[in-house]
Each structure stands twice: as structure tokens, then as C-alpha cells.
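# Examining the three-dimensional arrangement
Letter by letter, the chains look like this.
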Amino acid sequence: MIRASIISTGSYVPDTVITNNDLERIVDTSDDWIVERTGIRERRIVDSSQATSDLACEAARNALKKAHLRPKDIDLIIVATCTPDMAFPSTACIVQDKLGARHAAAFDINAACSGFVYGLHLVSSLIRSEAHKRILLVGAEVLSRVTDWQDRTTCVLFGDGAGAVIVEGTREKRGIISTHIHSDGSLGDLIMLPGGGSRFSCSMETILKKLHFIKMKGNETFKVAVRTLEELATRTMEENNLDPSQLSLLIPHQANIRIIQATARRLNLTEDKVFVNIEKYGNTSAASIPIALDEAIRAGRVIAGEYILLEAFGGGLTWASALVKW
Ligand code: ACO
């Protein structure tokens, strides 16, 4: 039996740091409120020359280098993003060109913050079916360009970044064991970016109404996220006949420290079994889990032969998990 195995990871965040104190000077907020309600202390944002594909390429080069692979060794590139460079060409096609990955097909997927784990679901099937041999999956976002910097309820939350993984098949008893993806479009209005598409195409009116910025009903989203993620994590373990105590690490989407702690409590996981870097980057949407995975590996917290659980929740609504035996 062939399983999909993550053979390399990479990540990239832009240099510019925006601290909570910086935000205190822009909107009516405080470092105390942000830290207490979200766990975020600072976030990274791009400079004027950078777009999502630039971040994606940095993360991808990093992953390729660690795997001693060349771009032409990749046969598929998938970029998970809700902030593409442009509507089309896809960000994945732009990345393919910039990397020089001549043998790769390329396309984007959008499941907001769940995009990377949705991508793992897809990649796992494509590798197991032997449709592709070596896939580059990137989660990359430039949320700072769709953030209303006058809206304190959202501007304190988001950041920019990218994370990448390279996935191949293995016949060993490890790799991506199971993936679980879910959606509820009826709750789509909880988090949305309404402007710029075919419903509210770009016009003076959409700009004046700020429709090209993220709108979020934070508190309602929070409650659904806690309930959904607790259930998802528990069910993923049950369906694999595993007890949460057999997990060596939970790598959750980094949206809010209180959501992460609620899931960890439900699984009875101690702090050392949960990877958290939200304080440095805020919510980087589809990039958050691959950045966290890359950092967890570099910190020596992902151990060969052990189980790790990735789980995400985001706009759509969408939620997803992946159980991996490293
Ligand atoms: N600084 C100070 N006060 C603030 C700020 C701020 N930055 N933001 C909101 N407040 C105020 C509100 O106005 C409100 O004041 P009021 O009581 O006088 O009306 C009060 O703080 C409480 O507001 P809530 O929205 O109830 O605060 P909550 O505890 O829910 O925290 C937050 C807000 C952090 C947004 C939280 O709800 C959250 O994390 N939600 C989930 C986010 C998420 O998971 N999103 C999914 C992924 S995003 C994606 O897919 C792109």
C-alpha cells in the first residue's frame, strides 16, 4: 500500500514586524486586550514589492533545498490561498514559472484558513492513486492587503507568511494516515471578503463600502470554531482507533490561543504536546499550519514514528484535519 509522506518542509515570513504597541497607535486597542483575547503579540507583513507568490516561492525553495531536490523534480504544485496574487493566472502557475518547475502542473485551492489541510487531503489521494509522484503543496497568504487597518476587530488578528511541504509516496507504515474535510456554506457570512469577485466586482462603490476587506463576526465564529474543532479532533482519533494520549504533537491552525487551548483540553493534551507560535505571526490563514509544522520540525518536536495531528478551521465555513505518522 502506498501512503503519502511529507519528505521536506520550508517556511518564510516577511521581515517587517508589527507589534501590538504599533497597533495601539492606529486603532483603539491595547497590548493587554490583544494578548489576553487572542495570544498574539506581533505579526509579519509584506513590503510594497511582495505578493503571495513571492512568499510561496521562498518557502518552496527552502523545502526543495532541504530535500536536495530541483524544481524540475516536482510534478504538481498546489497553492492553498485566499489572497492570490490575482484572480488568474493562479498563484501556483506564477510559482511554477518563478521556480522554473517546468514539469509541474499547477493550480490553486481556496478553503480559507483550512486550505492547507484541504490540500493535504487532495495530495494524499493523488499520491496514493499514483497520479503524481512528487507534489509541492504551499499555504501562502498576504492578508495585510485585505485587512481594514481601521477596524480593530480584525486588524489585530492577521499576518502574512508561507509554508511549504513536499510529498512523495512511501510503502513504509508511516505518512498521512487519514484526512478529514468538512464544509458548511450556510455559515459563510461569518467570515468573508465580499468585494472583487463577480458578485461585487471592483467599483468606486465597493471601495467606499470597504467590501475588499475581510469582514468577520468574531465572537460567533469563535463559538463555532471551538465546538467544531473539539469534535473534529476527537472524531479523527476515534476513526483511527487511537487514544489522544498516543499523539505526540497537535499542530493546530493558529487563529486564537483560546481556541487552541479548548481543543487541547478536550483531548487532554498537556502544553508540551501542542505547538503554538501565534504570538509571533498571528493568523496567517492557509500558511499557519505549514509554518508551524516547519518550525516544530526545526525545534525537534516532530519525532519519527510518532503521531501528529493537524487541524484547521476557516471561512466557508470549512474545517479539516490530517493525522500523520512521522
Ligand atoms: N481591542 C480592544 N477591544 C476590542 C478589540 C480590540 N482589538 N476588538 C474587539 N474589541 C471589543 C469589542 O468591540 C467588544 O466590545 P463591547 O463588549 O463593548 O461590544 C469586546 O471587545 C468583546 O468583543 P468580542 O468580539 O466578543 O471578543 P471575543 O472575545 O470574541 O474576541 C476575537 C474577538 C479575537 C475576534 C475572537 O472572537 C476570535 O478569535 N474569533 C475567531 C476567529 C477565527 O477563528 N476565525 C477563523 C479563521 S479566519 C479565516 O478563515 C480567514
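Residues numbered from 1 in each chain as written. Predicted model: local features only at pLDDT ≥ 70, side-chain atom pairs only at ≥ 80, totals over all residues. Heavy atoms only, no water.

### With respect to the overall build of the chain
Convention followed: Put simply, DSSP H or I for four residues or longer makes a helix, DSSP E for two residues or longer makes a strand, and each gets a number counted from the N terminus. Restricting the calculation to C-alpha atoms gives the radius of gyration, and the globule rule supplies 2.2 Å times the number of residues raised to the power 0.38. Each residue is assigned to one of three classes by its accessible area relative to the maximum for its type, calculated with a 1.4 Å probe on protein chains only: buried under 20%, partly exposed between the two thresholds, exposed over 50%. The criterion used for residue contact is that any of the two residues' heavy atoms lie within 4.5 Å.
Secondary structure assignment for the chain yields 11 helices and 13 strands. Computed over its C-alpha atoms, the radius of gyration of the chain comes to 19 Å, within 12% of the 20 Å expected for a compact globule of 326 residues. Its C-alpha atoms put the chain at 55 × 45 × 35 Å along the principal axes. The burial tally for the chain puts 55% of its 326 residues in the buried class. Considering only intrachain contacts with a sequence separation of at least 6, the fraction spanning at least 24 residues in the chain is 77%.

### Concerning the nonpolar core
Cut-off, in case you're wondering: As used here, the term nonpolar core means buried Ala, Val, Leu, Ile, Met, Phe, Trp, Tyr and Cys residues forming a set that is joined through side-chain atoms within 4.5 Å. Boundaries between domains were set according to an automatic or database domain assignment.
L120, V165, I251, L293 and I308 are the most contacted members of the largest nonpolar core, which totals 35 residues. The biggest single contributor to this core is helix α5 (residues 115-128), with 6 residues. Split by domain, this core shows at least three residues from each of two domains, domain 1 (3-173) and domain 2 (177-325). By size, the runner-up hydrophobic cluster in this structure holds 27 residues, among which are V27, L229, L232 and I259.

### Structural notes on the sheet that holds strand β1 (residues 3-12)
Filter applied, for reference: For two strands to be treated as a pair, DSSP must find no fewer than two bridges joining them. Each axis is a line fitted through C-alpha atoms, and for a helix only the stretch in contact is used; angles between axes span 0 to 180 degrees, taken between their N-to-C directions.
Here we have 5 strands laid out as an open sheet, ordered β1-β7-β6-β4-β5, and mixed in their pairing. Only two strands of the sheet have a single neighbouring strand rather than two, namely β1 and β5 (105-109). Adjacent strand axes in the sheet meet at a mean angle of 20° when their direction is disregarded. Across the sheet, α5 lies against β1, β4 (76-80), β5, β6 (134-142) and β7 (160-170), angled at about 170° from β6, the strand it touches most.

### Regarding the domain arrangement of the chain
Which entries qualify depends on this criterion: The term buried area refers to how much accessible surface (probe radius 1.4 Å) is lost by two components on association, counted for both of them together. A side-chain nitrogen of Lys or Arg and a carboxyl oxygen of Asp or Glu constitute a salt bridge if their distance falls within 4 Å.
Each assigned domain of the chain is listed with its residue range as follows: domain 1 (3-173) and domain 2 (177-325). Once you take the C-alpha centre of each, domain 1 and domain 2 turn out to be 14 Å apart. Contact with domain 1, which involves 51 residues of that partner, is made by 43 residues of domain 2. In this assembly, domain 1 packs against domain 2 so that about 3,700 Å² is buried in total across both faces, 62% of it on carbon and sulfur atoms. Contact with domain 2 buries area across many residues of domain 1, yet C113, V117 and Y118 alone supply 17% of it, more than any other trio. Put simply, domain 1 and domain 2 have 2 salt bridges between them. K210 is the partner of D148 in a salt bridge, and the nearest nitrogen-oxygen pair spans 3.2 Å.

### Looking at the site of the ligand
Where we set the bar: If a single non-hydrogen atom of a residue is within 4 Å of a molecule or strand, that residue counts as near it. Under this definition, polar contacts are N or O atom pairs within 3.5 Å; protein pairs additionally need one hydrogen-donor-capable and one acceptor-capable atom, and for neighbouring residues in sequence, both atoms have to be side-chain atoms. Residue burial considers only the protein chains on display, and all accessible areas are found by Shrake-Rupley using a 1.4 Å probe. Residue classes follow a fixed rule: Ala, Val, Leu, Ile, Met, Phe, Trp, Tyr, Cys and Pro count as nonpolar, while Asp, Glu, Lys and Arg count as charged, and any other residue, Gly among them, counts as polar.
Taken together, 25 residues sit near the ligand, with T29, R37, C113, N219 and N256 positioned nearest. One of the side-chain N or O atoms of T29 is found 2.7 Å from a nitrogen atom in the ligand. Residue N219 places a side-chain N or O atom 2.8 Å away from an oxygen atom belonging to the ligand. Notes on the ligand: free accessible area 1,000 Å², of which the protein chains cover 75%. Elements supplying a minimum of two residues to the shell around the ligand: α2 (31-38), α6 (152-155), α8 (218-239), α9 (257-266) and β12 (307-314). With 4 residues, the single largest contributor to the shell around the ligand is α8. Across the shell around the ligand, the residue classes break down as 11 nonpolar, 10 polar and 4 charged. The residues that make up the shell around the ligand include at least three from each of domain 1 (3-173) and domain 2 (177-325).

### Description of α8
Using the following cut-off: Under the convention used throughout, the expected extent of a helix is 1.5 Å for every residue step, that is, one less than its residue count.
The first and last C-alpha atoms of α8 sit 31 Å apart over 22 residues, in line with the 32 Å expected at 1.5 Å per residue. Phi turns positive one or two residues past the end of α8, at N241, with a value near 55°.

### Quick word on unusual backbone geometry
Note the cis peptide between F88 and P89, where omega equals 0°. The residue after G316, namely L317, is reached through a cis peptide bond having omega -10°. As for its position among the elements, L317 is in the loop between β12 and β13 (318-325). Residue H68 is not a glycine yet carries a positive backbone phi of 55°. Checked against the element boundaries, H68 lands in the loop between α3 (52-66) and β4. Positive phi is not limited to glycine here, since A112 has a value of about 45°. Tracing the backbone shows A112 in the loop between β5 and α5.

### Overview of the pattern of salt bridges
Applying the stated criterion across every chain yields a total of 14 salt bridges. We note a salt bridge from D54 to K98, for which the minimum N-O separation is 2.7 Å. With D54 in helix α3 and K98 in helix α4 (residues 91-99), this residue pair connects regions lying 44 residues apart in the sequence. Classification of D54 as partly exposed rests on a relative accessible area of 23%.

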